[in-house]
Structure formats: C-alpha cells, structure tokens
Amino acid sequence: MANSQTLNWTVSANPAPKSKSERDAILATPGFGVYFTDHMVGIDWSKSDGWHNARVEPYGPLSLDPATAVLHYAQEIFEGMKAYRHADNSIWTFRPQANAARMQRSAVRLALPELPEADFIESLRRLISADADWVPSAPETSLYLRPFMFARESFLGVRASEDVAYYVIGSPAGAYFKSGVAPVSIWLSTKYARAGKGGTGAAKTGGNYASSLVAQAEAYENGCQQVVFLDSSEGKYLEELGGMNIVLVYSDGHIVTPDSDSILQGVTRDSILQLAEDRGHKVERRHITIDEWRDGVASGDIVEMFACGTAAVVTPIAQLKAADFTIGSADAKAGALTMELREQLTDIQYGRTEDKHGWLTRLDA
Ligand code: COI
C-alpha cells in the first residue's frame, strides 16, 4: 500500500462558526462525543478515480440516498484518536501511524479502500488547521478525532461499494465515563458474543459496536458501566469490553491481556504495555479464562484490573459482576500501578515528560 501523500486540498470556511463564548462554554464541560467543531474533512473515493476531492468544509449533515449501501449492509470503519494541547499551546496527536495502519487493516477486512498513511495524517492536520481553537487546554481534556469511512454507493446488491466517503470530525472531550477516572463496574455477558472466529472482531467497524449494545444495556440494568465479552466458540476466554481493551495485573507485577484474533489491537493498550515493559514488568498477551480471573482475584493473585482505549485512556475496574458471581467490590480503590501507568501515558500525551518512543506527531505546524 502506497503511503505517500497523493491529494490536493480545498478549504471552504464555515460562514457561521460558533462564537468564542459559545465555544468556551462547550470547552468548559465538553463531556464525551456531544459537541462538534465548526469544520469537517472529507475525501471521496471511487473505483474509477481512487482518492480525490480532499476538502475541509463546514461541519454539517450529510445527504444520503436511502439506498446508500452502508445503511443496509454496514460497510463502515472508523478510528478514534485525540489532539492534545501542550503548555506552549502547540497541538499534538499520539501514534497516528498506528491508527492509519489499523484503519488500513480494517479497510481490507471490510472491503473498503486503504487510505495512505500520509493522507490520513494530513486529514488530521487539515481539521486542526481549521479548528485549532477547539482543542481545549484544561487538564485531561482533548479534541477527540473521529476518522470514518463508509460505503456510499446507492445500490442494494451485496458487494463492495464502488463509491466510498471518508470523513474526519472533531469533538471536544473530557472523561469518557461520567464518573471520570473512578473505578468502574463491568458486567459479564454470557448470553451475547461480540465477534466470532474469522469475523470482524479485530476491525474497528460499527457492526462490532452495534452487536455490543444489547449486552451494554444489560450492563446498565445491572448497575455496571461496561460489558465484557467472552470468546464466541467456548464462552471461556476473555475478549474485550464493549468499547475498550482489558488488562489484569498480578501480585508479582506481571501483566496479562487477552490475545485473540477477534479483538481490537488497541493503540492505548499497546502503549501502556510498552510503558510497563520499560518499567521492568513482564507482559503476556495470551488467552485468559474467566475462571483464571475469578480465582486470581479471590486468591489475591490478581491485584489490579483496568480498561484502556483512546476514549477511556486507562480506567480502573472495581468489580466484575456476573449473573451468579461477583469479582472484586464496587468500592475497590484504583490500583497503584494502573494509576501510575495512566499518569505516565498522559504525561507523554500532554507533553509533560519526555516522549522517549517518539509517539507524538505535531498537528498544528
Ligand atoms: C475509542 O476509544 O476511541 C473508541 O473508539 C471507543 C469508543 C468510544 C467506541
């Protein structure tokens, strides 16, 4: 896949951007995924012309034919990233090459075209050049960037779309969970699976999230903020949460995260595990049974557990609730290593410490 930049860009400014006071009010309490910036980026793809018509345009509704393929067959992928404002006002993002590569892998799985890495990163820069004022500066806030791509052809036959749209939108973000970084409760889904062997579990595609929603609703009914899925064949091995990966910490300091070809290869997870390895922790990516988790917490062998993802960053897990057992307790405190890794990661992202791995890319210059 060619990774050089191929596109010419046009910019059309929003004639009615939000006023400074409207924007400041939003940035003061952004929540997650509720507000959007003044512009968006679009790039078109067609089978005959490849990628073309790269543009920055006013944020606004898309007009789609009711027969648009994505509305029927869910041929869609997306990414999640953040733009961070540093103390000197510069704006950076974190490992965009990893997101570009994952989006290419997702594209291959969903029979969508691969966007070259350089065009992907340029699309982020272009959004920031139009909407830099939307990157908040309060601690632990950011501009969440949501690149996505979908089948736009108006055609009801089931085959890969020959007309595809790529967009990037930006949404000022605080904590993903209403409770902030307070430890969350997780519901064990035994009735539903998220993804199956040979399916789309490793791709970042809307269908995986759609299939998590009924189980997520069950989690809410049981007083939990997230749901965890087990493998679909045996219902035995941990996979991932509805919208993030999971990591367990053992009393001897080693760290384990589920390995499977049906879970998302999280960029945050990979980074946290690298930071843990840098600190001398042994890291294992392997199958973990639900029994290992339950027995490990009961025996004191597993001492911390956390969720991680771009949106969630690192969020401690207080307890796992299932229909017939509970692991941990709702008032469990956040683990010390969990919080240290969280701080180390965010210190890098916000430019408060040295970026030893070269993970940051500047977006505003
Ligand atoms: C992310 O962490 O960026 C995600 O995509 C999770 C999500 C909010 C679906």
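Please read these numbers as outputs of a predicted model, since none were measured by experiment.

Right, let's get into the pairing of strand E8 (residues 163–173). In terms of burial, E8 is largely enclosed, as 10 of its 11 residues are buried. Relative to E8, strand E2 (residues 39–46) runs antiparallel, the two sharing 6 bridges. In the strand pairing of E8, Ser-46 is matched with Asp-163. Relative to E8, strand E7 (residues 142–151) runs antiparallel, the two sharing 10 bridges. Note that in E8 the partner of Met-149 across the bridge is Tyr-166.

Time to look at the site of the ligand. Around the ligand lies a shell formed by Phe-78, Gly-80, Tyr-144, Arg-146, Tyr-176, Lys-204, Tyr-209, Gly-243, Gly-309, Thr-310 and Ala-311. Thr-310 places a main-chain nitrogen or oxygen 3.2 Å from an oxygen atom of the ligand. Alone, the ligand offers 280 Å² of accessible surface; in the complex the protein occludes 89% of this. The residue makeup of the shell around the ligand, split by class, is 5 nonpolar, 4 polar and 2 charged.

This part is about the domain arrangement of the protein chain. Bring the parts together and some accessible area is lost; that lost area is often taken as the interface size. Domains assigned within the protein chain are domain 1 (9–173) and domain 2 (184–349). Relative to domain 2, the C-alpha centre of domain 1 lies at a distance of 27 Å. In this assembly, 22 residues from domain 1 lie in contact with 22 residues from domain 2. Between domain 1 and domain 2, the buried area comes to about 1800 Å², and carbon and sulfur atoms account for 55% of it. Of all residues in domain 1, Phe-78, Phe-94 and Arg-102 give up the largest surface area on contact with domain 2, accounting jointly for 32% of the area buried on that side. Linking domain 1 with domain 2 are 2 salt bridges, by the criterion used here. Arg-95 is the partner of Asp-270 in a salt bridge, and the nearest nitrogen-oxygen pair spans 3.0 Å. Here domain 1 is connected to domain 2 by 14 residue pairs in polar contact (both at pLDDT 80 or more). At the level of secondary structure, the elements contributing two or more residues to the side of domain 1 that touches domain 2 comprise strand E4 (76–78), strand E5 (81–85) and helix H3 (96–109).

Basis of the calculations
- Within every chain, residues take consecutive numbers counted from 1 along the sequence as written.
- Whole-chain, interface and lining totals are the exception, using all residues; otherwise, since this is a predicted model, local features are given only for residues with pLDDT of at least 70 and side-chain atom pairs are given and counted only at 80 or more.
- Computation of side-chain values: all heavy atoms of the structure, hydrogens and water removed.
- For every residue, the accessible area (1.4 Å probe, protein chains only) is compared with the maximum for its type, and the residue is labelled buried under 20%, exposed over 50%, or partly exposed between those bounds.
- Runs of H or I in DSSP of at least four residues are treated as helices and runs of E of at least two as strands, each being numbered from the N terminus.
- Note: two strands are recorded as paired if DSSP finds a minimum of 2 bridges between them.
- The nearness test applies per residue and asks whether one of its heavy atoms lies within 4 Å of the molecule or strand.
- In the analysis that follows, any N or O atom pair within 3.5 Å is treated as a polar contact, provided that within protein one partner can donate a hydrogen and the other can accept it, and provided that, for residues neighboring in sequence, both atoms belong to side chains.
- Using a 1.4 Å probe, the Shrake-Rupley method yields the accessible areas, and only the shown protein chains count as cover for residues.
- Charged residues are taken to be Asp, Glu, Lys and Arg, nonpolar residues to be Ala, Val, Leu, Ile, Met, Phe, Trp, Tyr, Cys and Pro, and polar residues to be all remaining types, Gly included.
- All the domain ranges listed were derived from an automatic or database domain assignment.
- Contacts are assigned to residue pairs with any non-hydrogen atoms lying within 4.5 Å of each other.
- When two components associate, each loses some accessible surface as probed by a 1.4 Å sphere; the sum of these losses over both components is called the buried area.
- Should a side-chain nitrogen of Lys or Arg be within 4 Å of a carboxyl oxygen of Asp or Glu, the pair is scored as a salt bridge.

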